[in-house]
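Report on the structure
Below are the chains, spelled out letter by letter.
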Amino acid sequence: MAGDPARHAQPGTVGEDRVSAPAAARARRSRGPAPAAPAPVPVTAPARRSQRAATAVLLGPFTALLLAVFVLPTLYAVYLSFFSTSHEGLGFGNARTAFAGLRNYAAVLDDPSFVRGVGVTLLYAVVFIPAVVVGALVLALLFDSGLVRARQFSQTVLFVPHAVPGIIGTVIWLYLYTPGISPVLGALQDVSVEVDFLSLDMLVPSLVNIALWSGLGYTTVIFFAALRAIPADVIEAAAVDGAGRVRTALRIKVPMIRTTLTTVVLFTTIGTLQLFTEPMLLSKATPLVGPRYTPNMYIFDAAFTRNNYGLAAAASVLLLVVCCALSYAVTRATADRSGKAGS
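These lines cover the structure that appears in this document, whether it is placed above or below.

A tally of helices and strands in the chain yields 15 helices and two strands. Total accessible area on the chain stands at roughly 21900 Å², and carbon and sulfur atoms take up 67% of it.

Time to look at the packing of aromatic side chains. Two aromatic rings, taken as a pair, are described by how far apart their centres are and by the angle between their planes. In this structure the tally under the stated criterion is 13 aromatic pairs. Geometrically, the ring pair formed by Phe 83 and Phe 99 is edge-to-face, given 5.6 Å between the ring centres and 80 degrees between the ring planes. Here the residue Phe 83 occupies a position in strand 1 (residues 83–87), and Phe 99 occupies one in strand 2 (residues 95–99), the gap between them amounting to 16 residues. On the basis of an interplanar angle of 10 degrees and a centroid distance of 5.5 Å, the ring pair of Tyr 124 and Phe 128 is categorised as stacked.

So, about the nonpolar core. Counting 40 residues, the largest nonpolar core has Tyr 124, Phe 128, Phe 223, Ile 257, Leu 282 and Tyr 293 as the members making the most contacts within it. Top contributing element to this core by residue count: helix 5 (residues 112–145), with twelve residues. Counting residues in hydrophobic clusters, the runner-up holds 19 residues, among them Tyr 105, Ile 270, Ala 303 and Ala 312.

One side chain can pair with another of opposite charge once the charged atoms of both are near each other. For the coordinates displayed, the defined rule picks out four salt bridges. A salt bridge links Arg 228 to Asp 144; its shortest N-O distance comes to 3.3 Å. Of this pair, Arg 228 sits in helix 9 (residues 203–228) while Asp 144 sits in helix 5; the two residues are 84 residues apart in sequence, bridging distant segments of the chain. The class of Arg 228 is partly exposed, set by a relative accessible area of 48%. Given a relative accessible area of 15%, Asp 144 falls into the buried group. Where Asp 301 meets Arg 292, a salt bridge forms, and the shortest distance between an N and an O atom there is 3.0 Å. What makes Asp 301 buried here is its relative accessible area of 5%.

Attention now goes to the layout of surface pockets. Considered as a void within the structure, the largest pocket measures approximately 570 Å³ in volume. Phe 128, Ala 211, Ser 214, Gly 215 and Gly 271 are the residues nearest the centre of the largest pocket, which is lined by 27 residues in total. Elements with a contribution of two residues or more to the lining of the largest pocket: helix 5, helix 7 (166–177), helix 9, helix 12 (258–273) and helix 13 (277–282). Looking at the lining of the largest pocket element by element, the count peaks at eight residues for helix 9. Considered class by class, the residues forming the lining of the largest pocket number 13 nonpolar, 13 polar and one charged.

Quick look at a nonpolar patch on the surface now. On the surface, Phe 62, Leu 65, Leu 66, Val 69 and Phe 70 cluster together to form a nonpolar patch covering roughly 510 Å² of accessible area. Counting through the fold element by element, Val 69 comes out in helix 3 (residues 45–80). Given a relative accessible area of 57%, Val 69 falls into the exposed group.

For the rest of this paragraph, the subject is the packing of helix 6 (residues 151–163) against helix 9. In the contact formed by helix 6 and helix 9, the axes pass within 6 Å of each other and the chain directions differ by 135 degrees. As far as their axial angle goes, helix 9 and helix 6 are oblique. Once helix 6 is placed against helix 9, the crossing between them reads as left-handed. Across the interface between the two elements, Arg 151, Gln 155, Leu 158, Phe 159, Pro 161 and His 162 of helix 6 pack against Trp 213, Ser 214, Gly 217, Tyr 218, Thr 220, Val 221, Phe 224 and Arg 228 of helix 9.

Okay, the environment of Tyr 79 next. One can find Tyr 79 in helix 3. Accessibility expressed as a relative area gives 48% for Tyr 79, which makes it partly exposed. C-alpha of Tyr 79 to C-alpha of Gly 310: the two residues are 231 residues apart in sequence and 8.7 Å apart in space.

In this fold, Leu 139 is placed in helix 5. A relative accessible area of 24% means that Leu 139 is categorised as partly exposed. Sequence separation between Leu 139 and Leu 158 is 19 residues; the distance between their C-alpha atoms is 9.9 Å. Residue contacts for Leu 139: discarding those within four places in its chain leaves Leu 158, Leu 216 and Thr 220.

Our next topic: unusual backbone geometry. In terms of backbone geometry, most residues other than glycine have negative phi values and most peptide bonds are trans. Located in the positive-phi region is Ser 192, a residue other than glycine, with phi close to 65 degrees. The phi angle at Asn 307 is positive, at roughly 55 degrees, despite the residue not being glycine. Inspection of the secondary structure assignment puts Asn 307 in the loop between helix 14 (295–304) and helix 15 (309–342). Its relative accessible area of 48% is what places Asn 307 among the partly exposed residues.

Rules behind the numbers
As a convention, each chain's residues are numbered from 1 in the sequence order in which they are written. Two thresholds apply to this predicted model, a pLDDT of at least 70 for residue-level local features and 80 or more for giving and counting side-chain atom pairs, whereas whole-chain, interface and lining totals are computed over all residues. Note that the side-chain values use all heavy atoms of the structure and ignore hydrogens as well as water. Helix and strand labels come from DSSP, where a helix needs a run of H or I of at least four residues and a strand needs a run of E of at least two; each type is numbered from the N terminus. We get accessible surface area from the Shrake-Rupley algorithm with a probe of 1.4 Å; when it comes to residues, only the shown protein chains can shield them. Only Phe, Tyr and Trp rings take part, Trp by its six-membered ring, and two of them pair if their centres are within 6.5 Å. Stacked means planes under 30 degrees apart, edge-to-face means over 60, and tilted covers everything else. Here, nonpolar core means buried Ala, Val, Leu, Ile, Met, Phe, Trp, Tyr and Cys residues that are tied together by side-chain atoms lying within 4.5 Å of each other. For every residue, the accessible area (1.4 Å probe, protein chains only) is compared with the maximum for its type, and the residue is labelled buried under 20%, exposed over 50%, or partly exposed between those bounds. For salt bridges, the criterion is a side-chain nitrogen of Lys or Arg within 4 Å of an Asp or Glu carboxyl oxygen. In this analysis, the protein atoms alone were mapped onto a 1 Å grid. Cavities are point sets where a 1.4 Å probe fits without being able to get out; pockets are open sets with protein on both sides within 12 Å along at least five of seven lines; lining residues have an atom within 4 Å of a point. Grid points are joined across faces, edges and corners, and a volume is the space filled by probe spheres set on the points. As a working rule, the residues Ala, Val, Leu, Ile, Met, Phe, Trp, Tyr, Cys and Pro are called nonpolar, Asp, Glu, Lys and Arg charged, and the rest polar, with Gly in that last group. For patch detection, residues must exceed 30% relative accessible area and be free of salt bridges, and they are connected within 9 Å for like charges or within 5 Å for nonpolar side chains (Val, Leu, Ile, Met, Phe, Trp, Tyr). In this analysis an axis means a line fitted to C-alpha atoms, helices contributing only their contacting stretch, and an angle means the value between N-to-C directions, from 0 to 180 degrees. For this classification, under 35 degrees means roughly parallel, over 145 means roughly antiparallel, 65 to 115 means roughly perpendicular, and everything else is oblique. Handedness of a helix crossing follows the sense of rotation of the near helix relative to the far helix, less than a right angle counterclockwise being left-handed and clockwise being right-handed. By the convention used here, residues are in contact when the closest approach between their heavy atoms is within 4.5 Å.

Spelled out as structure tokens, the structure:
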């Protein structure tokens, strides 16, 4: 009996495998061959037509709206930019439209007021974009961490300014900026502090303050929604590993909402290039803000004050090209960074 392999074979050893192999083979034969995978159901022509009809119904309203408010106006602006209109008889005669080629574009780029407006917009963007993005991200991280008491009330207070129309918000701040009627300036004068928010040095910060008041809460809500979508087990794993609140926020949360962060930066940049409402209203209170203070104000002045629609169209096309170039650059940079991270 000492040489009997069945007695010395332990569970999970080769001996047991050899003994059970015939039984396993018989069981497989008794079950029969494995069932074949079901053949794919061919898509018939009526089904394809039904799918195309459903796609057309769903995309139709968006496509029509896109064509009506973006594509067709853009094409018409490009067409107008190649023509100029002149009036005979010292401007009182009949209007005559002639092909101008690229002369409108050259006139826009050679105009010092347009170049100054681009410089003002870039200065505004350098101050506003980091302020709104960093400020909103910090607030969203604080809300997500649970350190803020009465979180829903605080979020509502932050979001309310965004619900106020931009014109009304600018009028409110213009009232607060105007000497003689502003309670804020009056209170500062009582403590011997003189501040002129409409001076040359304070003009861009005043514009940034108005935009921050309106857009900070909205951007915070976007970041907070992205943070709430992070899986809870990731945060719990970071806490188990000993990561504190600050390290978790900077090393875990911020990288995981990088796509949202890039999108916010992209749309904020595009909105900054279209600065119009705030300086247009401030121009009524200070002569430092002229009718061509920003590129959008330049376009408005060329079209509705000077009645030079070709020049306004050329400036609009140039602004559109800049916006598209920035959008492509940010999107491409994000895609390359994501690809390197994935590899």
